[in-house]
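So you can see what is in the structure, the chains are spelled out below.
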Amino acid sequence: TSLWAIDIYTILVLTAINLATVSIALPLIMGRDISHAARMAQGSLIFQTLGWVFIIASDQWNGHWLDPVLSTCSMASASLANYLMFLALQDWLGARPLRRTLLLLTVLMPVGYALSFSNYPVRVGFANFVFAAQLLVVARAALWPDRSKRGATLPWRALITLCYSAVALVTVGRGILGGFYPELYPNFQASHPVNVVAQLTANVALVLTAVAVLVAWREEADARLREQAYTDGLTGLLNRHGWNERAPILFDQARRHRTALALIMLDLDHFKRINDTRGHEVGDQVLRLFSDVLLYHRRSGDLAARVGGEEFALLLPYTDRVGAIQIEQRLRVSLHDACELHPSLNVDYSSGLAMLNANDASLTAFMVRADTALYRAKHEGRGRLVVVG
């Protein structure tokens, strides 16, 4: 039996079954606690399944009034599946190009398909060319440079690009066939070589795309675990471990390139008294209040961490002495303003500022100088800043 004599209907049913199986399996594998990106990817596979189910059903009702309804639903589902996959990629990788274009194509597909249903060549050509364009937008989105902070690896992105590009290519072929040579492709089950290759490609691409989604989800889960390991659960700031991982990088860069680097060590005044007299719950609220103020005044390149019980560190790259003092002053004023809004959480802090100099051979030595300034501030009456270096 020739390859081209393969029963297209069987392939369609198998593809729908495979998609349904993957759509059920993914949520079971991923669990409930997943990100928006993973949910979008799951939704994409679900709507792909619906697209195939609708197209199979429409073929069974060929010539009936349900045919155009089911066929249009198939196009709408397939288009929405592409858009959801695009949203998943955008969540995983950062902003992607051509989102509005894809949204327009998603809306245009079912509308144009329904309006041209009575003209078979126009309908088939239109649907396949628009669908191919959607696929290429998604393929481009997967391979577009990663804008996220997770550092997504290339293999799963390249796999999605390969799958969507391959399906787009055979879809264009099917559009040419149905749009210009309808006698060779009179219906969706036609055993023309182009249609056979298109169906087989879609089936293989389905499996590989599901694998890529699982890898992307696994990467994201690993990144979340790493972030949790570096983050203080109470305040949302870096913890000591995160500080020890990231602060040395900024320190080494400043020494290597001889750029300004400021370090402010901060300690909440009389925090032990707050815990002892008002309880740890109020103490936690004070820590969160101060951390929120610190996070608000932290610039994108700065590093803020809770390095002890009530001790914090703020590392300021490319910041000279005057700039660091101004940041500390804004922080203090902002904390006072926040305490006025929350009188029950009134707190102040002492701080020590050190500027990087040639004698700072290590981050530890740099922190010791800033700590020394901090303890001077506490010894001199608290609620003030002492600058060294």
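Just above sits the structure.
First, a word on what this report is: a plain description of the structure on this page. Bear in mind the structure is a predicted one, so any value in this text is a computation, not a measurement. The written sequence of each chain sets the order in which its residues are numbered from 1. The predicted origin of the model limits local features to residues at a pLDDT of at least 70 and limits the giving and counting of side-chain atom pairs to 80 or more, whereas totals for whole chains, interfaces and linings rest on all residues. Water and hydrogen atoms were dropped before computing side-chain values, which therefore reflect all heavy atoms in the structure.

Strand β1 (residues 261-268) sits mainly inside the fold: eight of its eight residues count as buried. Here β1 shows a buried face lined by Leu261, Leu263, Met265 and Asp267 and a second buried face lined by Ala262, Ile264, Leu266 and Leu268. Sheet topology note: the β1/strand β3 (residues 311-317) ladder contains seven bridges and is antiparallel. Pairing of Met265 across the sheet is with Ala313, part of β3. The buried label goes to any residue with under 20% of its type's maximum accessible area, the exposed label to any with over 50%, and the partly exposed label to all in between, with areas taken from a 1.4 Å probe on protein chains only. Here a strand is any run of E in DSSP of at least two residues, a helix any run of H or I of at least four, and the numbering for each starts at the N terminus. We call two strands paired when DSSP finds no fewer than two bridges between them.

Let us look at a nonpolar patch on the surface. A cluster of nonpolar residues, Phe129, Ile176, Phe180, Tyr181 and Leu184, forms a patch on the protein surface that exposes about 500 Å² of accessible area. Summarising the element assignment, Tyr181 is placed in the loop between α6 (154-180) and α7 (193-230). Since its relative accessible area comes to 44%, Tyr181 is described here as partly exposed. Two distance rules govern patches: like charges are joined within 9 Å, and nonpolar side chains (Val, Leu, Ile, Met, Phe, Trp, Tyr) within 5 Å, applied only to residues with over 30% relative accessible area and no salt bridge. To be clear on the numbers: accessible area is Shrake-Rupley with a 1.4 Å probe, and residue cover counts the displayed protein chains and nothing else. Criterion for a salt bridge: a side-chain nitrogen of Lys or Arg within 4 Å of a carboxyl oxygen of Asp or Glu.

What follows deals with the environment of Pro121. Relative to the helices and strands, Pro121 resides in helix α5 (residues 120-143). Of the residues examined, Pro121 reaches a relative accessible area of 28% and is grouped as partly exposed. In the structure, Pro121 is positioned 65 residues away from Pro186 in sequence and 9.2 Å away in space, judged by C-alpha atoms. Sequence-distant contacts of Pro121, that is, excluding residues within four places in its chain, are made with Gly178, Gly179 and Pro182. Residue contacts are defined here by distance: any two heavy atoms, one from each residue, within 4.5 Å place the two residues in contact.

So, on to the sheet that holds β3. Strands sit in the order β2-β3-β1-β4-β5 across an open sheet of five strands; the sheet is mixed. One side of each edge strand has no neighbouring strand; the edge strands of this open sheet are β2 (303-306) and β5 (385-388). Along the sheet, successive strands turn relative to each other by an average axial angle of 15 degrees, direction set aside. Sitting on the sheet, helix α8 (residues 240-257) touches β1, β2 and β3, and the angle it makes with β2 is about 150 degrees. Every axis in this analysis is a line fitted to C-alpha atoms, fitted for helices over the stretch in contact. Angles between the N-to-C directions lie between 0 and 180 degrees.

This part covers the pattern of salt bridges. In total, this model carries eleven salt bridges according to the counting rule given. Arg218 is the partner of Asp222 in a salt bridge, and the nearest nitrogen-oxygen pair spans 2.8 Å. Residue Asp222 and its partner Arg218 are both found in helix α7; the two are separated by four residues, about one turn of the helix. Arg332 is the partner of Glu328 in a salt bridge, and the nearest nitrogen-oxygen pair spans 2.5 Å. In this pair, Glu328 and Arg332 both sit in helix α11 (residues 321-341), four residues apart, roughly one turn of the helix. What you see here is one network of salt bridges that share partners, running through Asp267, Asp269 and Lys378.

Here Arg306 lies in strand β2. At 3.3 Å, the side chain of Arg306 forms a polar contact with the side chain of Asp232. A polar contact of 3.2 Å, which involves the side chain of Arg306, links it to the backbone oxygen of Gly308. Apart from the residues lying within four places of it in its own chain, the contact partners of Arg306 are Asp232, Leu234, Thr235, Leu237, Leu238, Asn239, Arg240, Leu287, Glu311 and Phe312. Nitrogen and oxygen atoms within 3.5 Å of one another constitute a polar contact, given that in protein one can donate a hydrogen and the other can accept it, and given that sequence-neighbouring residues count only through two side-chain atoms.

The criterion for an aromatic pair is that two Phe, Tyr or Trp rings (for Trp, the six-membered ring) have centres within 6.5 Å, with stacked assigned to planes under 30 degrees apart, edge-to-face to planes over 60 apart and tilted to the rest. Evaluated as defined, the whole model comprises five aromatic pairs. Pairing Tyr113 with Phe117 gives two aromatic rings, centres 5.9 Å apart and planes at 70 degrees, and the pair type is edge-to-face. Each of the two residues, Tyr113 as well as Phe117, counts as buried. Geometrically, a lysine NZ or arginine CZ counts as sitting over a ring once it is within 6 Å of the ring centre and also within 35 degrees of the ring normal. Here the guanidinium or amino end of Arg218 rests over the ring plane of Trp217, the centre of that ring lying 5.9 Å away. A cation over an aromatic ring shows up here: Arg332 above the ring of Tyr349, its NZ or CZ 4.0 Å from the ring centre.

Close contact between helix α3 (residues 66-93) and α5 brings their axes to 9 Å; oriented N to C, the two are set at 10 degrees. Considered as vectors, α3 and α5 are oriented roughly parallel to each other. In contact with Met75, Ala78, Ser79, Asn82, Met85, Phe86, Leu89 and Leu93 of α3, α5 contributes Ala127, Phe131, Gln134, Leu135, Val137, Val138, Ala141 and Ala142. Throughout this entry, Asp, Glu, Lys and Arg are counted as charged residues, while Ala, Val, Leu, Ile, Met, Phe, Trp, Tyr, Cys and Pro are counted as nonpolar. The remaining residues, Gly among them, count as polar. The residue inventory of the contact of α3 with α5, partitioned by class, reads 13 nonpolar, three polar and no charged. Convention used here: angles under 35 degrees read as roughly parallel, angles over 145 as roughly antiparallel, angles from 65 to 115 as roughly perpendicular, and any remaining angle as oblique.

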